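# Breakdown of the fold
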Amino acid sequence: MFDQIGLIFSTLVRGLPVTIAATLGGIALTVVLSFVAGLALLAPSRTVRFLSRVYVEGFRGTSEMVQLFWIYFVLPVLVGFELVPLFAGILVLGLNHGAYGAEIVRGAVQSVPKAQYEGAIALSLSPAQRMLRVILPQAVVEMLPSFNNLFIQLLKSTALLYFISAEELTERGQLLAPSLPIAQLVPIYVIELLFYLLLAVLITVGMRALERVGARRLGRRAPRRRSTPPVTAGGV
Amino acid sequence: MDSHQPLSDAQAGTATADREMIRFDKVVKRFGDNVVLNELDFTVSPGEFVTLIGPSGSGKTTILRLLMTLEKVDGGTIQVDGEYLSHMERGGKLVPADEKHLRKVRRHIGMVFQQFNLFPNMKVLQNITEAPMRVLGKSRAEAEERGRELLEMVGLSEKVDAHPSQLSGGQQQRVAIARALAMEPDVLLLDEVTSALDPELVAGVLAVLKDIATSTEITFLCVTHEMQFAKDVSDRVIMFDHGQVVEEAVPEKLFTSPEHERTREFLHAVIDREV
Ligand SMILES: Nc1ncnc2c1ncn2[C@@H]1O[C@H](COP(=O)(O)OP(=O)(O)OP(=O)(O)O)[C@@H](O)[C@H]1O
Ligand SMILES: [Mg+2]
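Residues numbered from 1 in each chain as written. Chains lettered and ligands numbered in written order. Predicted model: local features only at pLDDT ≥ 70, side-chain atom pairs only at ≥ 80, totals over all residues. Heavy atoms only, no water.

### Overview of the overall build of chain B
The following threshold applies: Elements are defined by DSSP. Helices are runs of H or I of four residues or more, strands are runs of E of two residues or more, and each kind is numbered from the N terminus. Using C-alpha atoms as the atom set, the radius of gyration is obtained and then compared with a globule rule of 2.2 Å times the number of residues to the power 0.38. Categorising residues by exposure relies on relative accessible area from a 1.4 Å probe, with only protein chains included: less than 20% of the type maximum marks a residue as buried, more than 50% marks it as exposed, and the intermediate range marks it as partly exposed. The contact criterion used is simple: two residues touch if any of their non-hydrogen atoms lie within 4.5 Å. Values of accessible area rely on a 1.4 Å probe in the Shrake-Rupley scheme; residue burial ignores everything except the protein chains shown. Only four residue types enter the charge count: Lys and Arg as positive, Asp and Glu as negative, with His and the chain ends excluded. Note on charges: their place is set at NZ of Lys, CZ of Arg, CG of Asp or CD of Glu.
When its secondary structure is counted, chain B shows ten helices and 13 strands. For 275 residues, the compact-globule estimate of 2.2 N^0.38 gives 19 Å, and chain B sits close to it at 19 Å. Reported as C-alpha extents along the three principal axes, the dimensions of chain B are approximately 50 × 50 × 40 Å. Residue burial in chain B is summarised as follows: out of 275 residues, 53% are buried. Of the contacts formed within chain B by residues at least 6 apart in sequence, a portion of 66% connects residues at least 24 apart. For chain B, the computed accessible surface area is about 12,300 Å², with 46% contributed by carbon and sulfur atoms. Distance from the positive charge centre (31 side chains) to the negative charge centre (44 side chains) of chain B: 6 Å.

See below:
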């Protein structure tokens, strides 16, 4: 019995690096795409706004799993170029969550009071300086709780990589299951859940630390504990 | 918007004897159907301290916001130090100003807001040094030295490293004044800068402003309900109503023996409110 739990544990642990790599890679791409697309949603140019809107609605409005199949199975047929499963996964996780993140960025930038823009104009700051020096430093602090939610959604979405055999946590569990007696399914899935929970807690701890830094930068005493608008990215 | 107008005479002769720092020429400003400024004309001389008074909604803030290029005119022209603010010249014609032109002319003008508008993501000194470094191209050392001087002038030397949120309203407003002065404006716009403050903090801010007004060449355009302050510092007071000048005079005259019934009513109302 304990041997088998040891086996389950060690097998599942070997799936963690891929899950962690997919999460971190996905988060990095999500952040970049969120800012690019989020600021593009506020661009003066109609064309830029339109293109960004197409991206956001396109990726929010379609199934993440189908997106993954497109990138991993269909794209190679079309362009003759196959991606490593992990990279295909990171690409889909980033593209999909970046679409949600774009709305977080747009909302946070718009929530900075108009008076801050006007104060910056009165000091003759250029549009770029206004955004980079005055608006974004304030908006980023507002974004953190929503990004925390989004990153946890992204973590859970890494289970999708099971379908393209990236050998991450969920897949390790699925491969292990048939070889063990039915009673052992419970420990497999309990350990799996605990691993996801642990990673989610780590993300939250990190994001809370950033929130505290942000609050201090803005001269606020403690991070305001407030309910964040639910960010419902498609989970599995 | 009347975008194509011939150049006026005022534009041709730049350095006339009686130079004008601010010139409003038949300025029209509407918000939808609401005509806020209706062919408004007025001028302010260099170094002059002019106070605008008038009932709520008469367009005082709108005048300052037009000068700060936070709003666009719907007709007429505005000039600052002989240069068009609302428009620019293109092939002998006046066309509405573009962002580049606005950025150039804006530098002459500073504004202090009712709600201070300090940047919470910067400490007090950085609020003051940011624009001089990034817009005027000053070195950090230069900007910080000037920043400390200005903070001393407004009596806040010890708050250099504070966050704006740690300051009282009066202190925040004095930082905002220092921040505006750091850009070395020719014109400083003050929009009810003490009306968001607790009564006991008003005097400190007004004292600082009075000090600056008497010790610098800056041209002031000020909107205030502090009539005693207006009397003390103004060279001229302009009474507005319905987007037009009702009357203008030196403060002693306008406050004691106004010519127009409308001005008398307004002053009575304000003084009643103060008591
Ligand atoms: N952004 C805006 N959109 C629509 N209407 C506006 C806007 N700004 C000002 N107005 C209108 O323009 C008129 C003049 O406003 P303004 O703020 O200039 O008045 P004011 O003289 O400063 O008044 P107060 O003494 O109350 O500050 C008002 O009728 C106001 O409702
Ligand atoms: Mg006003």
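### A word on the pairing of strand β4 (residues 49–53) of chain B
Residues and elements named next belong to chain B. Let me state the cut-off plainly: Pairing between strands requires that DSSP locate at least two bridges from one strand to the other.
Taking burial as the measure, the five residues of β4 include five buried ones, the bulk of the element. Where burial is concerned, the two faces of β4 agree: the one with F49, T51 and I53 and the one with V50 and L52 are both buried. Judged from the four bridges that link them, β4 and strand β11 (residues 219–223) form a sheet pairing that is parallel. Bridge assignment links T51 to a residue of β11, and that residue is C222.

### Regarding the sheet that holds strand β12 (residues 236–241) of chain B
Residue and element names in this part refer to chain B. As a reminder of what qualifies: With axes taken as lines fitted to C-alpha atoms, and helix axes fitted only over the stretch in contact, angles between N-to-C directions fall between 0 and 180 degrees.
Here we have six strands laid out as an open sheet, ordered β9-β10-β11-β4-β12-β13, and mixed in their pairing. Two strands in the sheet have a free side with no partner beyond their single neighbour: β9 (109–112) and β13 (244–249). Taken pair by pair, the neighbouring strands of this sheet meet at an average axis angle of 20 degrees, ignoring direction.

### Concerning the pairing of strand β7 (residues 87–90) of chain B
Residue and element names in this part refer to chain B. Pairing between β7 and strand β8 (residues 93–96): four bridges, direction antiparallel. When the bridges of β8 are listed, E89 appears paired with L94. Connecting the antiparallel pair β7 and β8 is a turn made up of two residues, with G91 showing a positive phi of about 55 degrees.

### Quick look at the interface of chain A and chain B
Rules: Joining two parts hides part of their accessible area as seen by a 1.4 Å probe, and the buried area is that hidden amount summed over both. By salt bridge we mean one thing: a side-chain nitrogen of Lys or Arg within 4 Å of a carboxyl oxygen of Asp or Glu. Each residue receives one of three labels: charged for Asp, Glu, Lys and Arg, nonpolar for Ala, Val, Leu, Ile, Met, Phe, Trp, Tyr, Cys and Pro, and polar for the others, Gly being one of them.
Contact residues are listed per partner, giving 23 residues for chain A and 27 residues for chain B. In total, chain A and chain B occlude about 2,100 Å² of area from one another, counting both sides; carbon and sulfur atoms represent 57% of this. Taken together, the connections running from chain A to chain B amount to three salt bridges. Of all elements in the fold, only α6 (114–122), α7 (127–157) and α9 (185–217) of chain A reach the threshold of two or more residues within the side of chain A that touches chain B. Among the elements that take part in the side of chain A that touches chain B, α6(A) stands out by supplying eight residues, more than any other. Along the lines of polarity and charge, the residues of the side of chain A that touches chain B split into ten nonpolar, seven polar and six charged.

### Considering the UniProt feature "transmembrane region" (unreviewed entry) in chain A
All names here are of chain A. Rule in force here: UniProt positions are given in the numbering used here, feature names are shortened, and annotations may be inferred rather than shown by experiment.
Sequence positions flagged by UniProt for "transmembrane region" (unreviewed entry) are, in local numbering, residues 20–43, 69–93 and 188–210. Taken end to end, residues 20–43 has its terminal C-alpha atoms 34 Å apart, with 88% of it in helix and 0% in strand. Between the end C-alpha atoms of residues 188–210 there is a gap of 34 Å, over a span that is 100% helix and 0% strand.

### Let's talk about helix α8 (residues 169–176) of chain A
Residue and element names in this part refer to chain A. This is how the line gets drawn: As used in this structure description, the phrase polar contact means that two N or O atoms lie within 3.5 Å; if the pair is within protein, one of them must be able to donate a hydrogen and the other to accept it, and residues adjacent in sequence are counted only when both atoms belong to side chains.
Within α8, six of the eight residues are buried, leaving the element largely enclosed by the surrounding structure. For α8, the complete set of buried residues consists of L169, T170, E171, R172, G173 and L176. Near the N-terminus of α8, the side chain that reaches the backbone nitrogen of T170, with its oxygen 2.9 Å away, is that of E168.

### Digging into the packing of helix α2 (residues 16–40) of chain A against helix α5 (residues 85–111) of chain A
Residues and elements named next belong to chain A. Rules: Oblique is the label for every angle not falling under 35 degrees (roughly parallel), over 145 degrees (roughly antiparallel), or within 65 to 115 degrees (roughly perpendicular). Take the far helix as the reference: if the near one is turned anticlockwise from it by less than a right angle, the crossing is left-handed, and if turned clockwise, right-handed.
Relative to each other, α2 and α5 sit at 40 degrees, their axes nearing to 5 Å. In terms of their interaxial angle, α2 and α5 are classed as oblique. Where α2 crosses over α5, the handedness of that crossing is right-handed. Its residues assigned to classes, the contact of α2 with α5 shows 16 nonpolar, nine polar and one charged.

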